[in-house]
Each structure stands twice: as structure tokens, then as C-alpha cells.
Amino acid sequence: MKKFLSLLMATLMLASVLTACGGKKEEAPAQTATEAPAEAPAATGSELTFTTGGSSGTYYAFGSVLAGQVSSSTGTKVTAVEGKGSQGNIELMDMDGAQLGLVQSDVMSYAYEGTNLFADFGKVDCFSTVAALYMEQVQIVTCDPSIKTVADLKGKNVSVGDSGSGVFYNAVDVLGAYGLDIEKDINPTYQGFGDSAEALKDGKIDAAFVVAGAPTTAITELSSAKPTYLVSLDDEHIDALLAQSPYYSKYVIPAETYGLESDTTTVAVGAVVIARDDVSEDDVYNFCAGVFDNIDAITAVHAKGGELDLGFATSVTSVPYHPGAAKYFAEQGITVPTK
């Protein structure tokens, strides 16, 4: 099974990379980042492929900015490409199809332990943590003002992310906290963020789970086309969810993020950069230096740069850090665990 899935994923990812220039994207974020003043490059490094997410999500937009900044300010050249999300990025890395990847902290743990999403594929532990970047909010978006709570999703047509994605398991967790079964109590559809937004716009579905850093392009574009709402979680059910799945954190999305009338209370997981263990120490060091030594330049290009923080970057406990990352953070006075 693992061999079959590996071959299938390799084919899909190759197609994704070859067609990456044809999709709908934010305008050349990686190139914009290079306009910021850069210090002298570090020693010449390698050329690394950095898998992110779909073009309408935060992974691709922000990952492209980071790749551009690292490439312009260090000797390591990083190319951000569209990816299939957390699970796909890890499976591709397992096949040596990419050296860096952006993943959800919960999915990273599943892979390292061989559980949930990776129960059939098998344990993947060929990677290490580079840095946590920001929190990814579980956003339940709808254009139906009568859907005010998660309980209101019962019997509705709901997009729960691509089949087998991390978003799917987030939906399972959140619905489960409200006593809803994803297969029995809703009519699930399996779509990425962009397709979910289009389906909402066309009235084909009632709600969608989007797990990404807010503001998310797909939701922003949807809200410009028709009235859009986010569904809040209440404290009682959040507490139950956190007790069952401690990798979540409570999070409040400010109303002004999408021009809503009130804040939205939800949960979030971390967005983490990982690297194959065989990537050189110098290259991973350069990635960390390129990012965390240039936070102001990155923030000038993408708002998520304002969430970059050394304390959060070094907060991962489920997967040890790469030696190159550990070297960089040690220079900042922070010790992180390595293999």
C-alpha cells in the first residue's frame, strides 16, 4: 500500500509542479521579497524545493515570500512550489521529492507516530522540525446566516477538505466535539479551499472547513462576492476538544480580518516548516537566518510575517529539530531538542 501511494503521490506532485504557473495565484510574492535590502549571502548552499499548498491558500503565498527572502539573503536557493497540503508534502518528502515542506503541527505528529492520516501509509520519520511559523485557524465558512453554530451543520452539505487531508481530520475533531459524525450527520464533500469557495458562491454547499492562516485568500475573495460568515465554537465544546486533542489551541479571529460584525472564536494548530534529515546543516541554518533575520522585510510583503517569533518558532515538542535549525536558535540563546 505504501509503495502504491508513494508512486501515485509522485505522479500527482509532478503534475502539480509542472502546471504551477497556470493557476490562480497572488502576484509573484517571492519576487517582491527580493526587493528588500539583503545582507551579504552566506556560504553557497544547495537548491531546495519547498512544497507549500494550493494557490488560493496561505501556504503558497507566504511560503513563496519566505523562499524569495531566503534565496535573496543567503547562499541557499529555495523554490516554493504548490503542494497537496500537509499529508502530501510529507509523503513527497518521504520519496525525496522535496527537501522542505509546510505542514500542520497535528499532521506532522501523525506522520512521525504513524497514526491517523498515516495509519495505512506507515510511519514517516525521515524529517525534522525547522521552525513553527504561525497559527492556522480552523475556519468554518458559510454564506447562510442561519448557520450560527457547529450543531447547525447537521444534515447540511459541508466541504471537509481534500480527501485524506489534515483539514478532514480537523473537521472530524470539531464535529465530534459536538457529537456529530462526519459520515452520518452531514453530507460531506471533499474539496480544496478554492473549490470550496466556488461551491459556496454557487450555492452547491452550505459550509466549508478551511484550515489556514487568516486572512485566507479563498475566504477573502468569497466575501467580496457575497455575504460571508464564520461559525464560532463555544467554550464548553472547545474545552472538550482540547482535552481530547491537546495539539489545538483556542484562538479568536478579529472581526476586521474579514470585515465581519463580530469576532470568531475557534481553535488553531501550528504551521511548521520541516526538512528532510539529509538536508545539510548549512542549508537549514540559512533558511532560519534568511527568515528570522529579515522579519521586517518579510512583513512588508506578507502580513503573516508579523507573527514570526523566535519563542513560537522553537515551541514544537512532537518532532525534534534539524541540527541546522538548532545551531541557529542556539545563537539566539534558545536550546531546542534534536535527534
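Below: a short report on this structure. All chains use their own residue numbering, which begins from 1 and follows the written sequence. Per-residue local features are limited, in this predicted model, to residues with pLDDT of at least 70; the limit for side-chain atom pairs, both in listing and counting, is 80 or more; totals at the level of whole chains, interfaces and linings are taken over all residues. Side-chain measures here rest on the full set of heavy atoms in the structure, leaving out hydrogens and waters.

## Some points on the overall build of the chain
- Summing up its helical and strand segments, the chain has 13 helices and 10 strands in all.
- Exposed residues in this analysis have more than 50% of their type's maximum accessible area, buried residues have under 20%, and partly exposed residues fall in between, with area computed by a 1.4 Å probe over protein chains only. In the chain, which comprises 339 residues, the share counted as buried stands at 53%.
- In this description, contact between two residues means that some pair of their heavy atoms is separated by no more than 4.5 Å. In the chain, of all internal contacts separated by at least 6 residues, the share reaching a separation of at least 24 is 76%.
- Areas reported as accessible are Shrake-Rupley estimates using a 1.4 Å probe. Residue values count occlusion only from the protein chains shown. As displayed, the chain offers around 14,000 Å² of accessible surface, 51% of which is attributable to carbon and sulfur atoms. Secondary structure elements are defined from DSSP: runs of H or I of at least 4 residues count as helices, runs of E of at least 2 residues count as strands, and each element is numbered from the N terminus.

## A short note on the environment of glycine 54
- With respect to the secondary-structure elements, glycine 54 resides in the loop between strand E1 (47-51) and helix H3 (58-73).
- Residue glycine 54 is classed as partly exposed on the basis of its relative accessible area, which comes to 36%.
- Considering only alpha carbons, one finds glycine 54 and lysine 84, 30 residues apart in sequence, at a separation of 6.8 Å.
- Setting aside chain neighbours within four positions, we find glycine 54 in contact with Tyr60, Glu82 and Gly83.

## Some points on unusual backbone geometry
- With an omega dihedral of 5°, the bond running from alanine 214 to proline 215 counts as a cis peptide bond.
- Position of proline 215 among the secondary structure elements: in the loop between strand E7 (207-212) and helix H8 (217-225).
- Even without a glycine there, the phi angle at aspartate 96 is positive, about 65°.
- Summarising the element assignment, aspartate 96 is placed in the loop between helix H4 (86-94) and strand E3 (100-104).
- With a relative accessible area of 45%, aspartate 96 lands in the partly exposed category.

## Brief notes about H4
- With 8 of 9 residues buried, H4 is to be regarded as a mostly interior element.
- Aspartate 96 occupies a position one or two residues after H4 and carries a positive phi of about 65°.

## A short note on the pairing of E1
- In terms of strand pairing, E1 meets strand E2 (residues 77-81) through 5 bridges, oriented parallel. What sits directly across from phenylalanine 50, in E2, is alanine 80.
- We call a crossover right-handed when, viewed with both strands directed away from the observer, the connection leading from the first strand over the helix to the second proceeds clockwise. The parallel pair E1 and E2, bridged by H3, forms a crossover whose chirality is right-handed.
- DSSP-based pairing: two strands are paired if at least 2 bridges between them are found. When E1 meets E3, the two strands line up parallel, connected through 2 bridges. Of the residues in E3, the one forming a bridge with threonine 51 is glycine 101.

## Remarks on the pattern of salt bridges
- Note on definitions: salt bridges are taken to be side-chain nitrogens of Lys or Arg within 4 Å of carboxyl oxygens of Asp or Glu. The full count for this structure, using the stated rule, is 6 salt bridges.
- Close ionic contact of arginine 276 with aspartate 96 constitutes a salt bridge, the shortest N to O distance being 3.2 Å. In this pair, arginine 276 is assigned in strand E10 (residues 264-276) and aspartate 96 in the loop between H4 and E3, connecting sequence segments 180 residues apart.
- One salt bridge connects aspartate 277 with lysine 339, and the closest N-O pair in it is separated by 2.6 Å. Of this pair, aspartate 277 sits in the loop between E10 and helix H10 (281-292) while lysine 339 sits in the segment after helix H13 (323-331), placing them 62 residues apart in sequence.

## Quick notes on the packing of H10 against H13
- Relative to each other, H10 and H13 sit at 45°, their axes nearing to 7 Å. In terms of their interaxial angle, H10 and H13 are classed as oblique. Seen along the crossing, H10 lies across H13 with a hand that is right-handed. Taken together, the residues of H13 that come into contact with H10 (itself represented by Glu281, Val284, Tyr285, Cys288, Ala289 and Phe292) are Pro323, Gly324, Ala325, Lys327, Tyr328, Phe329 and Glu331.
- Polar here means any residue outside two lists: the nonpolar Ala, Val, Leu, Ile, Met, Phe, Trp, Tyr, Cys and Pro, and the charged Asp, Glu, Lys and Arg; Gly therefore counts as polar. Per-class residue counts for the contact of H10 with H13 are 9 nonpolar, 1 polar and 3 charged. For every element, the axis is a line fit to its C-alpha atoms; helices are fit only across the contacting stretch, and the angle between N-to-C directions ranges from 0 to 180 degrees. Any angle from 65 to 115 degrees is called roughly perpendicular, while one under 35 is roughly parallel, one over 145 is roughly antiparallel, and all others are oblique. Handedness of a crossing follows from how the near helix is turned relative to the far one, being left-handed for an anticlockwise turn of less than a right angle and right-handed for a clockwise one.

## Re the nonpolar core
- To qualify as a nonpolar core, a set must consist of buried Ala, Val, Leu, Ile, Met, Phe, Trp, Tyr and Cys residues joined through side-chain atoms within 4.5 Å. Core analysis: the biggest nonpolar cluster contains 55 residues, and Phe127 and Phe329 have the highest contact counts within it.
- Beyond its immediate chain neighbours, meaning those up to four positions away, phenylalanine 127 contacts Ile90, Met93, Met108, Ala111, Tyr112, Ile274, Ala275, Arg276, Asp277, Val319 and Lys339.
- Val174, Ala218, Leu222 and Ile238 belong to the second-largest nonpolar core, a separate cluster that totals 43 residues.

## Here's the deal with the packing of H3 against H10
- The interhelical angle for the contact between H3 and H10, taken along N-to-C directions, is 105°, at an axis separation of 8 Å. By the angle class used here, H3 and H10 are roughly perpendicular. Where H3 abuts H10, its residues Leu66, Gln69, Val70 and Ser73 lie against Asn286, Phe287, Gly290 and Val291.
- Among the residues making up the contact of H3 with H10, the classes are represented as 4 nonpolar, 4 polar and no charged.

## Some remarks on the environment of tyrosine 258
- In this fold, tyrosine 258 is placed in the loop between strand E9 (249-253) and E10.
- As for tyrosine 258 and proline 215, which are separated by 43 residues in sequence, their C-alpha atoms are 6.9 Å apart.
- Non-local contacts of tyrosine 258, meaning those with residues more than four positions away in its chain, are made with Gln139, Ala214, Pro215, Thr216, Ile219, Thr220 and Leu230.

## Re the side chain of threonine 264
- Its location among the elements puts threonine 264 in strand E10.
- Here threonine 264 falls in the buried class, since its relative accessible area comes to 4%.

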